[in-house]
Amino acid sequence: MTAITPELTQHDSPPPVLKQSHRGEKIGSALFLAPAVAFLLLTSVYPLLYSLWLSFHSWNMTIPNSQPVWIGTRNYERLWDDPDFWNAVQVTLIFVIVAVTVEFILGMGLALLATSRIRAMGWIRTVMLFPLMLAPVVAGVLWRTLFQSSYGVINWAIGKVGIPPQEWLGSPSQALPAVITVEVWQNLPVVTFILAAGIQSLPVDLYKAAQVDGATSWQIFRRITLPLLKPVILVLLLLRIMDAFKVFDIVFTMTYGGPGQTTELMSMLIYKTGLRFFQIGQASAMSWVFLIAIFIISLFFIWRLDKE
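What you see is a predicted model; the values in this text were computed from it and never measured. (Residues numbered from 1 in each chain as written. Predicted model: local features only at pLDDT ≥ 70, side-chain atom pairs only at ≥ 80, totals over all residues. Heavy atoms only, no water.)

1. A closer look at the overall build of the protein chain
This is how it is decided: Numbering of helices and strands starts at the N terminus; helices are DSSP runs of H or I of at least 4 residues and strands are runs of E of at least 2. Note on method: radius of gyration uses C-alpha positions; expected globular size equals 2.2 Å times residues raised to 0.38. Relative accessibility decides the category of a residue: with a 1.4 Å probe and only protein chains considered, values under 20% of the type maximum give buried, values over 50% give exposed, and everything between is partly exposed. Note on contacts: a residue pair is in contact if any heavy atoms of the two residues lie within 4.5 Å. When charges are tallied, Lys and Arg are placed among the positive residues and Asp and Glu among the negative ones, while His and the ends of the chain are skipped. Throughout, a charge is located at the NZ atom of Lys, the CZ atom of Arg, the CG atom of Asp or the CD atom of Glu.
Helix and strand counts for the protein chain come out as 13 helices and 2 strands. Computed over C-alpha atoms, the radius of gyration of the protein chain comes to 29 Å, more than 25% over the 19 Å expected from 2.2 N^0.38 for 308 residues, which places it beyond the range of a compact globule. Viewed in the frame of its principal axes, the protein chain has a C-alpha envelope of about 115 × 75 × 35 Å. Looking at the protein chain as a whole, 34% of its 308 residues are labelled buried. The contacts of the protein chain with a sequence gap of at least 6 include a subset with a gap of at least 24, amounting to 65%. Mean positive and mean negative side-chain charge positions of the protein chain (20 and 17 charges, respectively) differ by 7 Å.

This is the structure:
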């Protein structure tokens, strides 16, 4: 005898599906996130929007009880005719391009050595950690002492080989290269370690196949290492360019933008305009132009990374 099972008719409804409510979890998550969000709004978003508001005002804080005065886009219009602004843009571009290029070339070479079987690389890696342990302010003070024209160690060392003492930080032609040297010295280990980690993550089978086919070291590097390492290189360049644009500590402690304006980066000019001459509106306008320029450069690298 077969069992007869009732069938659902048109008027019968399917059994109800139990839905679990996550309302309590959502409220709990919101409560836990609220302090962090409030701190972020208070320390980042509000100052950013306030500086944008100030960029459309004129406010000389040296005048007691003065208030911001609305002037529209006049602060931005003044930048196009400001020689100090364009000098800072030029110095900043030279600083960033030279520093990042030298860091990448030297870092790639050291990364290739670090991933090789040279026994001394263990000691070299340890020594390269020392610059990372120093704060930029400490590094600037240290190198300012080393570059000192009267009693600096560098002039003493080059004097041993017959080279006359140099002014270094007091020379318009030597001050910017000296600052770039310190920037490269402090950030070269970061570039080296990131590239070395990227190289070590590449598949070994491709290198073995290339060696079997008789490829030279240069061909392996150009045809295998660089193409596979391109995403890592793009991320590294993006981070280093953004960081180099924001350099302030080293310049402040070593040269204060001098001699003259030969080492006056954009960050230094914004600091002087806002906190030395107290032209807050003009400094805010410079900051926003600076921010938009970095944002556009970042978008380019992100687009290239997404394309890769």
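2. A word on the pattern of salt bridges
The line we're drawing: In what follows, salt bridge is the name for a side-chain nitrogen of Lys or Arg lying within 4 Å of a carboxyl oxygen of Asp or Glu.
Inspection of every chain in the model, using the stated rule, returns 4 salt bridges. One salt bridge connects Arg240 with Glu103, and the closest N-O pair in it is separated by 2.8 Å. In this pair, Arg240 sits in helix H10 (residues 217-245) while Glu103 sits in helix H3 (residues 83-114), placing the two residues 137 residues apart along the sequence. Judged by its relative accessible area of 1%, Glu103 is buried. A salt bridge links Arg240 to Asp243, with the nearest nitrogen and oxygen atoms 2.8 Å apart. Placement of the pair is Arg240 and Asp243 together in helix H10, with a separation of 3 residues, close to one helical turn. Through salt bridges with shared partners, one network takes in Glu103, Glu183, Arg240 and Asp243.

3. What to know about the packing of helix H9 (residues 204-212) against H10
Cut-off, in case you're wondering: Axis geometry follows a simple rule: fit a line to the C-alpha atoms, using only the stretch in contact for helices, then measure angles between N-to-C directions, giving values from 0 to 180 degrees. By definition in this entry, angles of less than 35 degrees are roughly parallel, angles greater than 145 are roughly antiparallel, angles of 65 to 115 are roughly perpendicular, and the rest are oblique. Here a crossing is taken to be left-handed if its near helix is turned anticlockwise relative to the far helix by less than a right angle, and right-handed if that turn runs clockwise. Each residue gets one label: Ala, Val, Leu, Ile, Met, Phe, Trp, Tyr, Cys and Pro are nonpolar, Asp, Glu, Lys and Arg are charged, and the others, such as Gly, are polar.
At a minimum axis distance of 11 Å, the contact between H9 and H10 shows a crossing angle of 165°. Here H9 is positioned roughly antiparallel relative to H10, judged by the angle of their axes. Between H9 and H10 lies a crossing whose hand is right-handed. Two secondary-structure elements touch here, H9 through Leu206, Tyr207, Ala210 and Gln211 and H10 through Ile220, Ile224, Thr225 and Leu228. Each residue belonging to the contact of H9 with H10 can be placed in one class, and the counts come to 6 nonpolar, 2 polar and no charged.

4. Notes on the environment of Leu112
Looking at the element boundaries, Leu112 is found in helix H3. The spacing of Leu112 and Phe221 is 109 residues in sequence and 9.6 Å in space, taken between C-alpha atoms.

5. So, the layout of surface pockets
In plain terms, the rule: Buriedness of a pocket was judged along seven lines, with at least five required to meet protein on both sides within 12 Å; pockets are open sets of points on a 1 Å grid over the protein atoms alone, cavities are sets where a 1.4 Å probe fits but cannot get out, and lining residues have an atom within 4 Å of a point. Grid points are joined across faces, edges and corners, and a volume is the space filled by probe spheres set on the points.
Quantified by volume, the largest pocket comes out at close to 430 Å³. Along the wall of the largest pocket there are 13 residues; nearest its centre are Ile199, Tyr207, Gln211, Ile220 and Thr225. Counted by class, the lining of the largest pocket contains 7 nonpolar, 5 polar and 1 charged residues.

6. Description of the nonpolar core
Note the cut-off: Only buried residues count toward a nonpolar core, which is a set of Ala, Val, Leu, Ile, Met, Phe, Trp, Tyr and Cys residues joined through side-chain atoms within 4.5 Å.
Formed by 54 residues in total, the largest nonpolar core has its most connected members in Phe95, Phe147, Leu195 and Met254. Broken down by secondary-structure element, the contributors of at least two residues to this core are helix H2 (74-79), H3, helix H8 (175-200), H10, helix H11 (249-254), helix H12 (266-275) and helix H13 (280-307). In this view, Leu195 contacts Phe104, Gly107, Met108, Ala111, Leu229, Ile233 and Leu236; residues no more than four positions away in its chain are not counted. The next biggest cluster of nonpolar side chains, apart from the first, holds 5 residues, and it includes Leu202, Tyr207, Ala210 and Ile220.

7. Section: the environment of Thr181
By the secondary structure assignment, Thr181 is in helix H8. Sequence separation between Thr181 and Val100 is 81 residues; the distance between their C-alpha atoms is 11 Å.

8. Quick notes on unusual backbone geometry
Look at the link from Gly258 to Pro259: it is a cis peptide, with omega at -5°. Although it is not a glycine, Tyr256 sits at a positive phi angle of roughly 55°. The residue Tyr256 is located in the loop between H11 and H12 in this model. Although it is not a glycine, Phe278 sits at a positive phi angle of roughly 60°. By the element assignment, Phe278 lies in the loop between H12 and H13.

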